[in-house]
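In case you want the letters, here they are:
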Amino acid sequence: MGKTVDVVALGGLGEFGMHIMAFCSEDAIIVVDCGLLFPEQELLGVDIVVPDVTFLLDNREKVKAIVLTHGHEDHIGALPFVLPYLNVPVYGSPFTLELVKRKLDEHGLLEDAILNEIHPGDTIQLGPFGVDFIAVTHSIVDSLALAIRTPAGLIIHTGDFKIDPSPIDEKHFDLHAFASYGEEGVLALFSDSTNAERAGYTPTERAVEDRFETIFRSAKGRVVVSCFSSAIHRMQIIVDTAKRHGRLVALLGRRMLSNVDIAQRLGALNVPAGLVIRPKEIKNHARNKVCVVASGCQGEPMSALARASVDQHKDVTIEGGDTVVLSSRMIPGNERAISRMMDHLYRRHAEVLYADGSTPPVHVSGHASAEELKIMMMLTKPRFFIPIHGSYRHLHSHAKLAEQTGVIRDKVIVAETGDIIRLDPEQAEIVGKAPVGRVLIDGGSLEEVADVVIRDRRHISEDGIVLPVIAINKQTGAIEIPPEMVFRGMTVTEDDELVEQCRQLVIDTIEESTVEERGDWAVIKEKVRRALKRYISKQLSTRPLILPVIMEI
Ligand SMILES: [Zn+2]
Ligand SMILES: [Zn+2]
């Protein structure tokens, strides 16, 4: 290959999420990020989407490592589905790796994983690639950009970033590093396009401090704040504000508790002793003396806030005088669920505050707006510029910004997932297409099944759980292999006749469905669930929890 490097995004170009990019040169490949995509639909069951990594498996022996920029699900969420097939070393910052460890542990994969901690300023050599790590600011702690020395030249991959000059943790965006790479000469810049359509600058995370101050000062009842469980900086602001206003803090949601625990252990979050109370202690304190931090800012049906909004949470109720703050953006696809939840909260006469554009804001983005994106280009002065992370529209907008700056020394390439971008010291071209696609995993993520399982623990302890595992060809609707039937907590063994009968019932149910129905996981799941429920309750007089798992082949 000589002095060339092929760059292929296996996801994340032309779509939001599922970020994974391969850098290939001289018989070596390094992979940057390995994320999942949350399907843009209401949360029907527990579906997630992971990238098809055929390209990597075809080149298995060349793959040297997976390098992670930060710990968001769209950057690490596919690891449990990729590492079993490609167990290469994984590199990440401390917080990122802690989230990875938990995730792999939940999937029983931790023992075999090779995890290497890196820090800003570190350099690692992976075959012909030298990778430097650069500190950036983003909505999760410990975020990194990469400077990759390749045989073709120096490539900058920004990861997700914004330029926050006053970060909560005082870990600054390393402008100087980007500038010095720019002086050295950058061949190509791959940069985050998420907010390319937003004019101006993204406000600092500290912008929400003023708003929270006002909210806490005027709140008469409970303050319930919901934010992403990985938003540790936001949590720090909430905790500090609660403390100032004499409120104790209760954390609701398993993930929330776990993240807070990790962040405290790593020194990324500072919670004063005695401030946090357990959820069941909430009712022992006056409403105006408590701040509840709850998961569920996206209206997820099983989340703490969603349950509280319909009086289904055992420790928290919402009533008149309470203030509920949705301190996050609405992820496209979740609007209906969120708006339904807000209706419930209003019905209970709570005041509901959300990111409605008012300032100071209850939420600020973690991604760079147009002016910051231009600063990134000016600092790095790349020969070639390739916008990443976003729908085609966002990539296009980012490309237009690049043209406005006049600092791109050669050209801008708008590529899509699968395009093979070949770079050499003089040129950059799209030269072909790698096999790419999406793999839909339904219930395959144990952590999400676990949520359902916890909700239905009583149900399960009495009646057990049935997991029909079905592999359907998305194009033809054909069942690719006979369905697997997994029974747990039930007196059913492998060779019981019932197992075979259930399997046949699943096949019949699918075959009776139209091809269109077979392409709609929600419909198929519901049909299979109903058929099995009827049959099993008739045969065994029990009502197990039935969680169909559908895999796209
Ligand atoms: Zn991202
Ligand atoms: Zn991110």
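How each quantity is defined
- Residues numbered from 1 in each chain as written.
- Chains lettered and ligands numbered in written order.
- Predicted model: local features only at pLDDT ≥ 70, side-chain atom pairs only at ≥ 80, totals over all residues.
- Heavy atoms only, no water.
- Donors = N, O, S within 2.8 Å, 3.2 Å for Na, K, Ca; no water.
- Buried < 20%, exposed > 50% of the residue type's maximum accessible area, 1.4 Å probe, protein only.
- 1 Å grid on protein atoms, 1.4 Å probe; cavity = no way out; pocket = protein on both sides within 12 Å on 5 of 7 lines; lining within 4 Å.
- Points joined across faces, edges and corners; volume = space filled by probe spheres on them.
- Helix = DSSP H or I, 4+ residues; strand = E, 2+ residues; numbered from the N terminus.
- Nonpolar A, V, L, I, M, F, W, Y, C, P; charged D, E, K, R; others polar.
- pLDDT = per-residue confidence, 0-100.
- Contact = heavy atoms within 4.5 Å.
- Salt bridge = Lys/Arg side-chain N within 4 Å of Asp/Glu carboxyl O.
- Tetrahedral: all angles 85-135°; square planar, octahedral: opposite > 155°, others 65-115°.
- Phe/Tyr/Trp six-rings, centres within 6.5 Å; stacked < 30°, edge-to-face > 60°.

## Quick look at the coordination of the zinc ion (ligand 1)
Coordination sphere of the zinc ion (ligand 1), protein contribution only: D74 (OD), H75 (NE2) and D160 (OD), at 2.1 to 2.3 Å. Summarised as a motif, the one-chain spacing of the donors to the zinc ion (ligand 1) is D-H-x84-D. A distance of 3.4 Å spans the gap from the zinc ion (ligand 1) to the zinc ion (ligand 2), which D160 bridges by coordinating each metal. Taking relative accessible area as the criterion, H75 reaches 0% and is therefore assigned buried.

## As for empty space enclosed by the protein
Scanning all chains against the criterion turns up one cavity of 30 Å³ or more. If you add up the space inside the largest cavity, you get close to 60 Å³. For the largest cavity, the full set of lining residues is A9, G11, G12, L13, H19, I20, M21, V32, D33, H157, I388 and H389. Where the lining of the largest cavity is concerned, the elements lending two or more residues are β1 (5-11) and β2 (20-25). Residues belonging to the lining of the largest cavity are distributed by class as follows: six nonpolar, five polar and one charged.

## Description of the confidence of the model for the chain
Overall, the prediction assigns the chain a mean pLDDT of 90, with 93% of residues at 70 or greater. Between residues 41-46, whose pLDDT stays under 50, and residues either more than four places distant or in other chains, the model counts 18 contacts. Per-residue pLDDT stays below 50 along residues 442-458; that stretch engages in 34 contacts with residues further than four places along the chain or on separate chains.

## Things to note about the pattern of salt bridges
Inspection of every chain in the model, using the stated rule, returns 26 salt bridges. Residues R255 and E106 are paired through a salt bridge, measuring 2.7 Å at the closest nitrogen-oxygen approach. Of the two residues, R255 is situated in helix α8 (residues 254-265) and E106 in helix α4 (residues 94-106); the sequence distance between them amounts to 149 residues. By relative accessible area, R255 is classed as partly exposed at 22%. Across the pair E213 and R217 runs a salt bridge whose closest N-O atoms are separated by 3.9 Å.

## Observations regarding the coordination of the zinc ion (ligand 2)
Within the protein, the zinc ion (ligand 2) binds to H70 (NE2), H72 (ND1), H138 (NE2) and D160 (OD); these donor distances fall in the range 2.1 to 2.3 Å. Considering all four donor atoms around the zinc ion (ligand 2), angles at the metal cover 89 to 164° and the coordination shape is irregular. Of note, the zinc ion (ligand 2) draws all its donor residues from one chain, in the sequence arrangement H-x1-H-x65-H-x21-D. With a relative accessible area of 0%, H70 lands in the buried category.

## Some points on the packing of aromatic side chains
Both the distance between ring centres and the angle between the ring planes are used here to describe each pair of aromatic rings. For the structure shown, the criterion picks out four aromatic pairs. Ring centres of F23 and F190 lie 5.9 Å apart, and the angle between their planes is 75°; on these two criteria the pair is classed as edge-to-face. With F23 in strand β2 and F190 in strand β12 (residues 188-192), this pair connects stretches of sequence that are 167 residues apart. The two residues F23 and F190 agree in class, both being buried. Relative to F178, the ring of F173 lies with its centre 5.2 Å away and its plane at 20°, an arrangement referred to as stacked. Classification of F173 as buried rests on a relative accessible area of 7%. Here a set of aromatic residues connected by ring pairs shows up, and it is made of F161, F173 and F178.

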